[in-house]
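# Report on the structure
What follows is the residue order along each chain.
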Amino acid sequence: MDNKIKIAQRVAQELKDGDLVNLGIGLPTLVTNYIPDGVEVTFQSENGMVGMGRSPEEGFENKDLTNAGGMYATANPGAMYFDSAFSFALIRGGHLDITVLGGLQVDEKGHLANWMVPGKKIPGMGGAMDLVTGAKKVIVSMTHTAKGTPKIVKECDLPLTSIRKVDLIVTEMCVIEPTDEGLVLKEIAADYTVDDVKNNTAAHLIIPEDVKMMGE
Amino acid sequence: MEVINAKKAADLITNNSSLMIGGFLGVGTPENIISEIIELKREGLVVIGNDTSFVDKGIGRLIAEKLVKKVITSHIGTNPETQKQMISDECEVELTPQGTLAEKIRAAGVGLGGIYTPTGVGTTVEDGKEVREIDGVKYLFESPLSADFALLKAKRADYKGNLEYNLTARNFNPIMALAGKTVIVEVEEIVPIGSIDPNNVHTPSVLVDYIVVGGNK
C-alpha cells in the first residue's frame, strides 16, 4: 500500500465524532478520504471557513471558494465564512480540536520543524505556527525519513514551528507519542520490525513491552 | 466615496507607497488595480499581504515585475520569484505567522497599540521582540501594522460604498479596510443603495474611499 495512504488511514482513526479539524496541505489532506463510518467531523480552513466539503466535480468550481492550498473547494450544508482574524481566533483561541500537519523534523521534546530549510527552501510558516500553538491536539503526519535521512531526531536543527510538544507522530513505519519522558513507540506497522524503526530514527525511543500493531 | 477606474486608482499610488493587498493565494485580490500599477510601473513598494500568490497572479505579479522592495507576509512558497529575490537581496521578505499578521493589521485598524500572542514564542519569530508572561503563559509583543493604501476586492458594493464579500474571497479584506489610510476596493458590480441586504454588508461604507468596478476577475 502507498505509504501516504497508510499514514492518512491511521491519522483518520484519531478523529472523533464532532471534532473541528484543520488539515494541512499535501499528505494531511488525504485524511478526508478515510474518516471512519459513523464519525462526523467539521473541517476548518485557514482562508476563512468552517464546514469545507470535498473538491468539486468538474464544472462546479467557484473561483471564490478555495481551500488553504488554493484548490477549488465546496461547502457542506451548515458551512460559514469569515475573515482571517476570526479564522485564527478559532485556531489560536483553543477552539480547534485537531490539526494535522506535515513535518520536516520532530525531536525528542516533541518539537516540530516544518516551515523552512535555511538557504534552500523558504516557503514561510503560513498558518502552521498558530495551528501548532493553538490546536487542542497536534498530529504530525509524515514519511519516516527524507529519502533515508531520519526526520525524527534528537534535536531539530531546522527552525522550530513552535515549542509546544506535538501530541502524535504518524509515519508509514509507526506511531510515536511524544511525552515528558521522551518519544514513546506506540504502534508499529505490520511490514516493519522495531529494529527497522530504530535504524531509521535518530532519536532515543522508549519502547514499551506492549507495542501494538499499527491501526489495530 | 468616489467611483473611479482602475487606472485612476493606480495613479493615486506613488512610488515607495505601502500597500495592504487583500487575498489568499490570489482569491479576493484586486487584479485590475494590480494590472494598472504594473502598467504605471510604480516602484519601491512595500506590500503587506497573506502570501505572495503565484508569479502570474495577484501580489505575485508585482513581485515578478520587481516593483516590490519589501513584503510582509506569511507564505512565499507558491511564488519561486519571491524566494529568488529574497536571496539576491532585491526584495526584503519579513515572514510573519498568518494569525499574527491578521492581528497586527487588525490592531492598527481598531486603535490598539499592538497585541500579545503565544504564536512564535521560542522560535526565530521571537527575535528582537518583548516576551511577557501573563498568568504563567509566555506571549510575544507584536506591533500594529498599517499602510498608505488598502487595495481590496469585494463581490459588490453599493453607491455608498457598502461592501459584500464572496465565500472564501473575504479573508484579509475586511481587516485591511480598517488599517489602510486610503481604502480602494475593486468590485465585480456596483448596485443601487439598499440593494445589499444590511445583514450582508460585511464592511460599512464609512471605511471606503474609492470603488473600482473591475469585472469578474
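Residues numbered from 1 in each chain as written. Chains lettered and ligands numbered in written order. Predicted model: local features only at pLDDT ≥ 70, side-chain atom pairs only at ≥ 80, totals over all residues.

Tallying secondary structure elements over chain B gives six helices and twelve strands in all. Against the globule reference of 17 Å for 217 residues, chain B gives a C-alpha radius of gyration of 17 Å, in line with a compact fold. Considered along the principal axes of its C-alpha atoms, chain B spans approximately 55 × 40 × 25 Å. Within chain B, the proportion of its 217 residues that are buried is 51%. (Helix = DSSP H or I, 4+ residues; strand = E, 2+ residues; numbered from the N terminus. Rg over C-alpha atoms; globule rule 2.2 N^0.38 Å. Buried ≥ 20, exposed ≤ 12 C-beta atoms within 10 Å, placed from the backbone.)

Moving on, we get to the interface of chain B and chain A. Counting from both sides, the interface comprises 37 residues of chain B and, opposite them, 30 residues of chain A. Among the secondary structure elements, those contributing two or more residues to the side of chain B that touches chain A are α4 (80-87), α5 (98-109) and α6 (173-179) of chain B. Here the element with the most residues in the side of chain B that touches chain A is α5(B); it accounts for five residues. Here the residues of the side of chain B that touches chain A are counted per class, giving 16 nonpolar, 18 polar and three charged. (Contact = placed C-beta atoms within 7 Å. Nonpolar A, V, L, I, M, F, W, Y, C, P; charged D, E, K, R; others polar.)

Residue and element names in this part refer to chain B. Spatial ordering of the open sheet is given by β6-β8-β7, a layout of three strands whose pairing is antiparallel. Only two strands of the sheet have a single neighbouring strand rather than two, namely β6 (115-117) and β7 (131-134). For this sheet, the mean angle separating the axes of adjacent strands, direction not counted, is 40 degrees. Bridge count for β7 against strand β8 (residues 137-142) is four bridges, and the pairing is antiparallel. Paired with Val 131 across the strands is Leu 140, a residue of β8. Docked against the sheet, α5 engages β6 and β8, running at close to 165 degrees with respect to β6. (Pairing = 2+ DSSP bridges. Axes fitted to C-alpha atoms, helices over the stretch in contact; angles between N-to-C directions.)

As a further point, take the pairing of strand β13 (residues 174-179) of chain A. Residues and elements named next belong to chain A. As judged from the two bridges shared by strand β12 (residues 168-170) and β13, these two strands associate in the antiparallel manner. Counterpart to Val 170 in the pairing with β13 is Val 175. Count of turn residues in the β12/β13 antiparallel hairpin: three residues. Pairing analysis gives six bridges linking β13 to strand β14 (residues 182-188), with the strands arranged antiparallel. Counterpart to Pro 178 in the pairing with β14 is Leu 183. Hairpin remark: β13 followed by β14, antiparallel, with two residues in the connecting loop.

Spatially, three strands are ordered β7-β6-β11 (chain A) in an open sheet, and the strand pairing comes out mixed. Either end of the sheet is taken by a strand with one partner, and the two such strands are β7 (112-113) and β11 (152-153) of chain A.

Moving on, we come to the environment of A:Gly38. Here A:Gly38 lies in the loop between β1 (20-23) and β2 (42-45). For the pair A:Gly38 and A:Thr161, spaced 123 residues apart in sequence, the C-alpha to C-alpha distance is 34 Å.

On to the nonpolar core, then. Residue and element names in this part refer to chain B. Formed by 114 residues in total, the largest nonpolar core has its most connected members in Leu 19, Met 20, Ala 150 and Val 185. At seven residues, strand β9 (residues 147-158) tops the list of elements feeding residues into this core. Once you skip the residues sitting within four places of it in the chain, Ala 150 turns out to touch Met 20, Met 176, Ala 177, Ala 179, Gly 180 and Val 183. (Core = buried A, V, L, I, M, F, W, Y, C linked by C-beta atoms within 7 Å.)

Once that is clear, we can look at the confidence of the model for chain B. Averaged over every residue, the pLDDT of chain B is 97; residues scoring 70 or more account for 99%. Interface predicted TM-score (ipTM) for the complex: 0.97; the corresponding pTM is 0.97. (pLDDT = per-residue confidence, 0-100.)

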